[in-house]
Amino acid sequence: MQKTDQASPHAHCAPVDPDRELIHVDCASHTYPDGSVGIHNMCFRVLKNEIVAICGPNGSGKSTLIEHLNGLLIPSEGEIWIRGKSIARVERGDLWKEVGVVFQRSEDQLFAPTVLDDVMFGPLNLGLPPDAARQAAMEALESVGAADLIHKLPNYLSGGQKRLVSIAGILAMKPPVIAMDEPTSDLDPVHCAMIEALIVALKERFGISVVIATHDLDLAARIADRVCLVKNGAVYAEGTPREVFYNTTLIEEAGLILPGTVMTWLDYCRDTGTEPVEQPITRQELVSLLRRGIPGQGR
Amino acid sequence: MSSSMISDHIPDIDLITSCAERQDSVFSRVSPWTKGILLVLIVLLITICSDIRVLAVLYTLILAACFLAALPVKKIVAWYTMPVIFVISLVGIMAWTQPGVTVLSIPMPGFALTLTDQGILLVGILLLKALIVVTYSLFFLMTTKYAQFSALISRIFPSPLDQIFLLAYRFLFLTMAMAAAMLKAVRSRGGGVIRSIRMQGHLFGEVFGLVFIRSFEQAERVEKAMTSRGYNGTYTASTTIRKPRPAEYAVMGIAALAVVATFVITPHAGGW
């Protein structure tokens, strides 16, 4: 795990394999028109074929970072690279082709009168002819399991259906990276599970890198390859979910609460005097550990 | 959320869109060009014609077309409330100033208010004119898919007027949905539009203002979401417009002839 130095601009960007890097945001600062600082000294990378979770409390800069990835916001100071090229050289308008954003409120994204029209919007902007755009939209809707909603009006969809259609609207553009802002907020457990499975499928079936901004650490623990803790507009620490979530001090300092599984396991170990040598990160891992017996303890 | 939550007397734009998207009557297969040109001809006709019989026939024809297209005619009639109030508020006074055979006279101190047959006729004519345009416009919107409609607008208006028109149309949806949400909140705690205005005028005024502020805020978020999917000020039409078929040209020709004939023949016909 790497804990970043928030005091020194640019010094925090550790080198990575350039062949794996898709997006690199090196934002010395982003200041909103009212003077409030959105993010500062932020180094954030998206690598090929990974799920990276940006975790942080409300107001920590998660959404601001997501908007930088897509080019909706540009650093006041700093640079954004796409596959090693600075967007000063790459057309800024091309960023949306690289990173699709699924917004937190689906109502903000679904603006067209029908589901099909909305999902076709991105492909048409990519310059696809109407028939090809329709085909791309149909395929995306089928991929997310929402093909039956094609002629529905977005206003009459449930929250879960709206989220699926929002994802289809981005998937239809086939970007190499999809960023989702709070993808499971306001959803019932069944739809949460659907979205979670879909995020994994985006990576495994389509080879898309997925960035999720969330304060649901259990979700991050289950599906993320890498976790970035964000605090006060900067990446506070990053590493694998196991590295990050078993550092209780770090989680506390970031203003978060441990994932349920980790908390349960650590409570159990403390109550039974067991040394937490093994570190289950998901419920399945915990159950598996309990089934086979905890090392150093009789059953 | 449906905007019909606001009132049964305000057009439900979700229902209008839903009808347009699900429409499979013969009218949905008519080219939007034909329907658009007919709208222009209808406006011309009612501008030059003041014969109530011609207007009544035209209104009946449009209403019949609504029935044939299986549109919700009862709802459409309920939506007449606003145009009727608008016309009455304008013509209500004029009706009492028309010369003609006295139908009703109300004595007032120093003078008498007199309603004549011509006054009543004037109200009837102007009401019919308004309802013809309203009904046909709704018929047009409810039988034309948005994709076709937006393609038509893009062809007719130059940029950026077409973009303004199309986005303003979508903004209407946001505002209506927002108003419906606010009214739902008012009604859920025993309030109502009229009651709230009467009892809590200031509060209701604030709520009314908030509808617009929130709609603008949401419009900004929608614009951001559109930009993130490549919107650069040009709303790309997702379809091409169907060309009119020979039969449609014939209908337009007949309608144009009817307008010319009305202009020439009708005794009440005026200038442009």
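So, here is what we can say about the structure in this document.

Thresholds applied
Residues numbered from 1 in each chain as written. Chains lettered and ligands numbered in written order. Predicted model: local features only at pLDDT ≥ 70, side-chain atom pairs only at ≥ 80, totals over all residues. Heavy atoms only, no water. Helix = DSSP H or I, 4+ residues; strand = E, 2+ residues; numbered from the N terminus. Buried < 20%, exposed > 50% of the residue type's maximum accessible area, 1.4 Å probe, protein only. Contact = heavy atoms within 4.5 Å. Core = buried A, V, L, I, M, F, W, Y, C linked by side-chain atoms within 4.5 Å. Phe/Tyr/Trp six-rings, centres within 6.5 Å; stacked < 30°, edge-to-face > 60°. Lys NZ or Arg CZ within 6 Å of the ring centre and 35° of its normal. Buried area = accessible area lost by both parts, 1.4 Å probe. Salt bridge = Lys/Arg side-chain N within 4 Å of Asp/Glu carboxyl O. Polar contact = N/O pair within 3.5 Å; in protein donor to acceptor, adjacent residues only side chain to side chain. Nonpolar A, V, L, I, M, F, W, Y, C, P; charged D, E, K, R; others polar. Expected span 1.5 Å × (residues − 1). Arc of directions from axis to C-beta. Axes fitted to C-alpha atoms, helices over the stretch in contact; angles between N-to-C directions. Parallel < 35°, antiparallel > 145°, perpendicular 65-115°, else oblique. Left-handed = near helix turned anticlockwise from the far one by under 90°.

**Some remarks on the overall build of chain B**
Right, on to step 1. Assigned secondary structure in chain B consists of 11 helices and two strands.
Right, on to step 2. Listing the helices and strands of chain B from first to last along the sequence gives α-α-α-α-α-β-β-α-α-α-α-α-α.
Right, on to step 3. Classification of the 272 residues of chain B by burial places 42% in the buried group.
Right, on to step 4. Long-range pairs, those at least 24 residues apart, make up 73% of the contacts in chain B between residues at least 6 apart in sequence.

**Here's the deal with the nonpolar core**
Right, on to step 1. In this structure, A:V119, A:M180, A:L229 and A:F245 are the most contacted members of the largest nonpolar core, which totals 61 residues.
Right, on to step 2. It is helix α6 (residues 159-171) of chain A that provides the largest number of residues to this core, a total of six residues.
Right, on to step 3. The contact partners of A:F245, leaving out residues within four places of it in the chain, are A:L217, A:A220, A:A221, A:V227, A:I251, A:L258, A:P259, A:V262 and A:I281.
Right, on to step 4. Counting 51 residues, the second-largest nonpolar core is a separate cluster that includes B:I16, B:I42, B:Y231 and B:Y235.

**As for the packing of aromatic side chains**
Right, on to step 1. Per the stated rule, a full pass over the model turns up nine aromatic pairs over all chains.
Right, on to step 2. Ring centres of B:Y59 and B:Y80 lie 6.5 Å apart, and the angle between their planes is 50°; on these two criteria the pair is classed as tilted. With B:Y59 in helix α3 (residues 52-68) and B:Y80 in the loop between α4 (73-78) and α5 (81-94), the pair connects residues that are 21 residues apart, well separated along the chain. In this structure, B:Y59 and B:Y80 share a single accessibility class: buried.
Right, on to step 3. Taken together, B:F140, B:F149, B:F157 and B:F165 form an aromatic cluster joined through their ring pairs.
Right, on to step 4. Residue placement shows A:K231 over the ring face of A:Y236; its charged tip is 4.9 Å from the ring centre.

**Section: the interface of chain A and chain B**
Right, on to step 1. Taken residue by residue, the interface counts 30 residues in chain A and 27 residues in chain B.
Right, on to step 2. Counting each side, the surface lost to burial between chain A and chain B is near 2,500 Å², with a carbon and sulfur contribution of 57%.
Right, on to step 3. If you sort the residues of chain A by the area they bury against chain B, A:D108, A:F111 and A:F121 come out on top, with a joint share of 23%.
Right, on to step 4. Counting every contact that joins chain A to chain B gives three salt bridges.
Right, on to step 5. Two residues, B:R221 and A:D108, come together in a salt bridge whose shortest N-O distance is 2.9 Å.
Right, on to step 6. For the pair chain A and chain B, the interface holds seven residue pairs in polar contact (both at pLDDT 80 or more).
Right, on to step 7. Of all the secondary-structure elements, those providing two or more residues to the side of chain A that touches chain B are α1 (62-70), α3 (106-109), α4 (115-125), α5 (130-143) and α6 of chain A.
Right, on to step 8. At eight residues, the largest contribution of residues to the side of chain A that touches chain B is made by α4(A).
Right, on to step 9. Per-class residue counts for the side of chain A that touches chain B are 16 nonpolar, seven polar and seven charged.

**Description of helix α11 (residues 260-272) of chain A**
An α-helical segment advances 3.6 residues per turn. Residues three or four places apart therefore align on the same side.
Residues and elements named next belong to chain A.
Right, on to step 1. The terminal C-alpha atoms of α11, which comprises 13 residues, lie 18 Å apart, in line with the 18 Å expected from a rise of 1.5 Å per residue.
Right, on to step 2. Among all positions in α11, only T261, V262, W265 and C269 are buried. Considered in projection along α11, the buried side chains sweep an arc of 100° and stay on one side of the axis. Exposed residues on α11 whose side chains face more than 90 degrees from its buried face are R270 and D271.
Right, on to step 3. Elements in contact with the buried residues of α11: α8 (217-223), α9 (241-245) and α12 (283-292).
Right, on to step 4. Backbone geometry just after α11 places G273 at a positive phi near 70°.

**Observations concerning helix α7 (residues 189-204) of chain A**
Residues and elements named next belong to chain A.
Right, on to step 1. Here α7 is 16 residues long and its end C-alpha atoms lie 22 Å apart, about the 22 Å a rise of 1.5 Å per residue gives.
Right, on to step 2. Among all positions of α7, only H191, C192, I195, E196, L198, I199, A201, L202 and K203 are buried.
Right, on to step 3. Turning to α7, the residues buried within the fold contact β4 (51-55), α5, α6, β8 (177-181), β9 (209-214) and α8.
Right, on to step 4. Between a side-chain oxygen at the N-terminus of α7 and the backbone nitrogen of V190 the separation is 3.0 Å; the capping residue is D188.

**Regarding the packing of α3(B) against helix α6 (residues 117-142) of chain B**
Residues and elements named next belong to chain B.
Right, on to step 1. For the pair α3 and α6, interaxial distance at closest approach is 9 Å and the crossing angle is 25°. One element, α3, and the other, α6, form an angle in the roughly parallel class. When you trace α3 past α6, the crossing you get is left-handed. From α3, I52, L55, A56, L58, Y59, I62, L63, A65 and C66 reach across to α6, where they touch L121, G124, I125, L128, K129, L131, I132, T135, Y136 and F139.

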